[in-house]
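The lines below spell out each chain.
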Amino acid sequence: MANNFLIKSMVSGFLPMLPDALKQLDSVISKSLTEQPLQGTESSAAFVLVSGKDGRAYILTAFFDEEDKIVRTGEQQLATEFLQQLIKNSI
């Protein structure tokens, strides 16, 4: 129980900073998506949250055509690792 209180106290101290931090993450995500190399008929890229066969959450890069159909998927990594990388890149 003491650990839960400590964790809640630590997290609540960071809550006021979240809006600014999320704005920075938004720009890092947008920049990362625009830097994805498009091939052939691809018109855009997106990060998609999926559930793996192991039940864990993953983020994969999906590439879309003009009709918003996925035509290719790229890199996939654990959602926690993806978020940690984004946070590291935004600092």
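Residues numbered from 1 in each chain as written. Predicted model: local features only at pLDDT ≥ 70, side-chain atom pairs only at ≥ 80, totals over all residues. Heavy atoms only, no water.

S.K.: Honestly, the pattern of salt bridges in this entry has me stumped. Any pointers?
M.R.: As a working rule, side chains carrying opposite charge can pair if their charged atoms are close by. What the rule picks out here adds up to 3 salt bridges. With its nearest N and O atoms 3.9 Å apart, the salt bridge here joins lysine 31 to glutamate 35. Glutamate 35 sits in the exposed class, given a relative accessible area of 53%. Here glutamate 67 ties to lysine 69 by a salt bridge, and the two come within 3.5 Å at their closest N and O atoms. (Salt bridge = Lys/Arg side-chain N within 4 Å of Asp/Glu carboxyl O. Buried < 20%, exposed > 50% of the residue type's maximum accessible area, 1.4 Å probe, protein only.)

S.K.: Help me understand the sheet that holds strand β3 (residues 70-78), please; the structure alone is not making it clear to me.
M.R.: Note on sheets: strands pair through backbone hydrogen bonds, and any given pair is parallel or antiparallel. Pairing within the open sheet is antiparallel, and its 3 strands lie in the order β1-β2-β3. With partners counted over all chains shown, the strands left at the sheet margins are β1 (44-51) and β3, one partner each. Across the sheet, the mean angle separating the axes of adjacent strands is 30 degrees when strand polarity is ignored. Strand direction decides the pairing type here: strand β2 (residues 57-64) and β3, joined by 6 bridges, are antiparallel. What sits directly across from tyrosine 58, in β3, is leucine 78. (Pairing = 2+ DSSP bridges. Helix = DSSP H or I, 4+ residues; strand = E, 2+ residues; numbered from the N terminus. Axes fitted to C-alpha atoms, helices over the stretch in contact; angles between N-to-C directions.)

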